Each structure stands twice: as structure tokens, then as C-alpha cells.
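Structural characterization, general
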Amino acid sequence: MAYADAAQYCARGLELLSTPPLAAERELWITLAVGHARALMMQKDNARCEELLTALCTHELSPKEIAIVYQSRIDNMSNIMERDRAVLIGREGLARLGIELADSPAPQDAFGLL
């Protein structure tokens, strides 16, 4: 029940923001949008969670926002045991940050990028 309330709170908060959000509302918009999606994830509405987070990924995102949104997508896929999809999402997020990984990188190559 608490997660349903949290999802509703975040969704209503998003309705109050400008579309698209003003620069001053940007951080609040990301926080509410990700909070809404994560509350749905906790209610096991993983498909809707992924839909909302994927929609966020269509926007220009800062590196910090990329990290927050893509980690949430990875968590969502991991929760439903879609680990291969989680890896693909992680690679997509890294590519948005300018980091390309080989299909089967050696561990030292992957860690060297960090």
C-alpha cells in the first residue's frame, strides 16, 4: 500500500510541473519520474516501470541523470531476472556517456574504463 501511495504522490507531482519542465523544475521532474517508476517496480508493475523509464531515456539527460535512470532500469530488469536485458541496458547507458564495451570484454579492459 505504501508503494501505491508513493506512485500516486509522484504521478500527481509530475502533473503539477510544466511540460516540458522548466530548467528550475528539472531536478524535481527527474526525481518524481524515477520515484514514480521505482514505486511501480516495488508493486511488481515492472512493464509499466520499464515503459516510464524508457520514455525518460528519450530525453537529453545529464551524466548524473543517465546514471540514475539507467540504474533504475537495470534494477527493474534484475528484479524480474532479465539479466541479459539488464546488461544491454547498462551498455546503452554507458554508450550515452561515450563508453563503448566490446561484446565480451576482458575484465581488465572493462575495469580500466572506470
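So, here is what we can say about the structure in this document. For clarity, every value in this text was computed on a predicted model and none was experimentally measured.

**A few points about the pattern of salt bridges**
- As enumerated under the stated definition, the model contains 6 salt bridges in all.
- Measuring nitrogen to oxygen at the nearest pair gives 3.6 Å for the salt bridge that ties Arg85 to Glu50. With Arg85 in helix α5 (residues 83-96) and Glu50 in helix α3 (residues 46-56), the pair connects residues that are 35 residues apart, well separated along the chain.
- Taking relative accessible area as the criterion, Glu50 reaches 11% and is therefore assigned buried.
- Glu92 is paired through a salt bridge with Arg73; the nearest N and O atoms lie 3.3 Å apart. Taken together, the positions of Glu92 in helix α5 and Arg73 in helix α4 (residues 63-79) put the pair 19 residues apart, joining distant regions of the chain.
- Its relative accessible area of 1% is what places Arg73 among the buried residues.
- It is possible to trace a salt-bridge network through shared partners that takes in Glu50, Arg73, Arg85 and Glu92.

**Quick look at unusual backbone geometry**
- For the peptide bond that leads from Thr19 to Pro20, omega is -5°, which places it in the cis range.
- As for its position among the elements, Pro20 is in the loop between α1 (2-16) and α2 (26-42).
- Phi angles above zero are rare outside glycine, and Met81 is one such case at about 65°.
- When you line up the elements, Met81 lands in the loop between α4 and α5.
- Since its relative accessible area comes to 54%, Met81 is described here as exposed.

Scoring rules and cut-offs
Residues numbered from 1 in each chain as written. Predicted model: local features only at pLDDT ≥ 70, side-chain atom pairs only at ≥ 80, totals over all residues. Heavy atoms only, no water. Salt bridge = Lys/Arg side-chain N within 4 Å of Asp/Glu carboxyl O. Helix = DSSP H or I, 4+ residues; strand = E, 2+ residues; numbered from the N terminus. Buried < 20%, exposed > 50% of the residue type's maximum accessible area, 1.4 Å probe, protein only.

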